[in-house]
Amino acid sequence: MADGSVFKRCSCRDVDGRKIGNRCPQLRRAGGAWSPTHGRWAYQLELPVHPGQARRQLRRSTFDTRDAATTDRDHAKTLLALAGDDMAVAAEIADLLLATRVGAPLPDRDTIARRVRAGLPATATTTVGEYLHQWLASRRGIEPATVLVYASHIRIHLVPHLGAIPLVKLRVEHIEAMFTAIADRSTAIEVARQSDDAAIRASVRGQRPTRPPTMHRIRATLRKALNDAIRRSNNRLIDFNPAAHVELPTGVRPKARVWTAKAVQKWRDTGERPSPVMVWTPQQAGQFLDHAEDHDVALYPLFVLILHRGLRRGEAIGLTDTAVDLDNALISVTQQLTTHGYTPVIKKVKSESGNRVMAIDSFTHAALRAHQTRRAQWKLAAGAAWPDTGLFFVQPDGKPWHPHAVTDRFEALVHDVGLPPIRLHDLRHCAATYLKAAGADLKDIQELLGHSSLAMTDTYTSVIAELDVERAKAEAAARLVPRRRRAA
């Protein structure tokens, strides 16, 4: 590599108005030394070229001292040296040097070194979106379900909000702004869902609010990806992980509350819910089932099953014919029909504890038996057009239910019957609450719900006191304590 030359030049012009440049006689003293007062320091450096390209030079000027010009030239030479013997990379770095605007500093040596070691183009800045896609594609030895979660976070949240930002410029403020936008959108979805305008409710159909626990998981995905960018084995693409310094609302699971008469009245007056997780009273649940039986006979048995046996939405929709043993009143939960984005997918249950066998009560048994009979009539009417899905719950044309469609139908029924709103998943909470109120042991409820620990199941104990049946027990227990005078 040529050393390049350091010299002085000025802005003087000849009689015709043309710049003299380094030919100006005032630039040198009589003995040939550079003038200390006239002109500015500059340098030029021969640059590598692409195949077939003509000779090119890097020229930078306006330095106040020779040392400043020499230092800048040496910086350029250091950058070119990163290419080693690879002339293609050397030419790319030369492109980068020539693209640096006048007066701006040359690119940082460590940043370009990381890109060269990683096999990335020296002239392009890797964005957060590009890096996340590369990172996801490079993941090995992790569960497919985890890959799907990473991909979902990247596609739905990280790339739309952060994707265009250069990786090396990602800051805490960028990530905080993303989570603020996510929270604002979640609030908008909640408000739209409660609107009296059917068109507004329809505008958010299939969209789910992103709650604090999910935000924590999104941050965990980004933090893991950025930690990998810092690792020496990944050429240290960055030196700082901003995701590790973002504070989020607590991910503590919200307490479930019952829609008491007072809570219902406040909701009707203000639209306010006592908690994101709400449970109907048994009377309200019965009112819903009566309405569903009259207005949505296809999904009524599925709602009965979730309400009485506490299945997750995907577990109920994914039940197979072989998993439903009505002769012995047993159900085996081994898989779930859920979504990847909007695409339905069959997956195993969430955990080993979720793989379970449960007995069904006579009321649920009757609803499932009636559905089985009705489904046989649908199949007979469809003839050869009936698809053989192997699923127990299907639409009248035999096709599988889309999970989002089931949720939409549920929310429409709740709205039409005039009940205070709960989520479809809250039917599962209702099941656990009613079982506890009826005297079931927490361990039994844990096994029924497929929870991996009692800590999750214990969430429901806080709502029992709000049920009339539990209040009656409390009253009977209080009367056992003798007092001189009792309240009227």
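Residues numbered from 1 in each chain as written. Predicted model: local features only at pLDDT ≥ 70, side-chain atom pairs only at ≥ 80, totals over all residues. Heavy atoms only, no water.

**Q** Can you explain the pattern of salt bridges? Please cite residues and give values.
**A** On inspection of all chains with the given rule, the structure shows 20 salt bridges. Between Arg-369 and Asp-327 there is a salt bridge, and its shortest N-O distance comes to 3.6 Å. Highlighted residues: Arg-369 in helix α13 (residues 362-382) and Asp-327 in the loop between β6 (324-325) and β7 (330-333), separated in sequence by 42 residues. Members of the salt-bridge network, linked through shared partners, are Asp-14, Asp-16 and Arg-18. (Salt bridge = Lys/Arg side-chain N within 4 Å of Asp/Glu carboxyl O. Helix = DSSP H or I, 4+ residues; strand = E, 2+ residues; numbered from the N terminus.)

**Q** Go over the environment of Leu-307, please, and point to the residues and values.
**A** Mapped onto the secondary structure, Leu-307 falls in helix α11 (residues 300-309). When its relative accessible area of 3% is taken as the criterion, Leu-307 is described as buried. As a C-alpha pair, Leu-307 and His-429 span 122 residues in sequence and 8.2 Å in three-dimensional space. With near-sequence residues (within four places) excluded, Leu-307 lies in contact with Ala-285, Leu-289, Leu-427, Cys-430, Ala-431 and Tyr-434. (Buried < 20%, exposed > 50% of the residue type's maximum accessible area, 1.4 Å probe, protein only. Contact = heavy atoms within 4.5 Å.)

**Q** Could you give an account of the packing of helix α5 (residues 144-162) against helix α8 (residues 212-230), with specific residues and numbers?
**A** When two helices pack together, their arrangement is captured by the angle between the axes and the distance separating the axes. Following both chains from N to C, one finds α5 and α8 inclined at 85 degrees, their axes separated by 10 Å at the closest point. Compared by their axis directions, α5 and α8 come out roughly perpendicular. Contact residues: Tyr-150, His-153, His-157, Leu-158 and Leu-162 in α5; Arg-217, Ile-218, Thr-221, Leu-222 and Lys-224 in α8. (Axes fitted to C-alpha atoms, helices over the stretch in contact; angles between N-to-C directions. Parallel < 35°, antiparallel > 145°, perpendicular 65-115°, else oblique.)

**Q** Could you give an account of the packing of α11 against α13, naming the residues involved and the relevant values?
**A** Between α11 and α13, the least distance of the axes is 9 Å, while the angle of their chain directions is 155 degrees. Classified by the angle their axes make, α11 and α13 are roughly antiparallel. Crossing handedness for the pair α11 and α13: left-handed. Residues Tyr-300, Pro-301, Val-304, Leu-305 and His-308 of α11 form the contact with α13, whose participating residues are Phe-363, Thr-364, Ala-367, Leu-368 and His-371. Here the contact of α11 with α13 is composed, by residue class, of seven nonpolar, three polar and no charged. (Left-handed = near helix turned anticlockwise from the far one by under 90°. Nonpolar A, V, L, I, M, F, W, Y, C, P; charged D, E, K, R; others polar.)

**Q** Quick rundown of the state of the cysteines? Include the residues and the values.
**A** Simply put, the disulfide is a covalent bond whose two ends are the sulfur atoms of two cysteines. Under the definition given, this model contains zero disulfides. In this model Cys-10 remains outside any disulfide bridge; the closest cysteine sulfur is found in Cys-12, 3.6 Å from its own. Here Cys-10 falls in the buried class, since its relative accessible area comes to 11%. No disulfide involves Cys-24; its sulfur sits 3.7 Å from that of Cys-10, the nearest cysteine. For Cys-24, a relative accessible area of 5% corresponds to the buried category. (Disulfide = S-S within 2.5 Å.)

**Q** Give a description of the environment of Glu-411 that names residues and reports values.
**A** Along the chain, the position of Glu-411 falls in helix α14 (residues 403-417). Given a relative accessible area of 28%, Glu-411 falls into the partly exposed group. Put simply, Glu-411 and Arg-205 are 206 residues apart on the chain and 9.7 Å apart in space, counted from C-alpha to C-alpha.

**Q** Before we move on, can you summarise the packing of aromatic side chains with the specific residues and values?
**A** For the structure shown, the criterion picks out 10 aromatic pairs. Aromatic pair Trp-135 and Tyr-150: ring centres 5.1 Å apart, planes at 50 degrees, arrangement tilted. Taken together, the positions of Trp-135 in helix α4 (residues 128-138) and Tyr-150 in helix α5 put the pair 15 residues apart, joining distant regions of the chain. Tyr-150 carries the same exposure label as Trp-135, and that label is buried. Following the ring pairs from residue to residue traces out a cluster consisting of Trp-280, Phe-288, Phe-303 and Phe-410. When the ring centre of Trp-34 is taken as origin, the NZ or CZ atom of Arg-28, which lies over that ring, is 3.6 Å away. (Phe/Tyr/Trp six-rings, centres within 6.5 Å; stacked < 30°, edge-to-face > 60°. Lys NZ or Arg CZ within 6 Å of the ring centre and 35° of its normal.)

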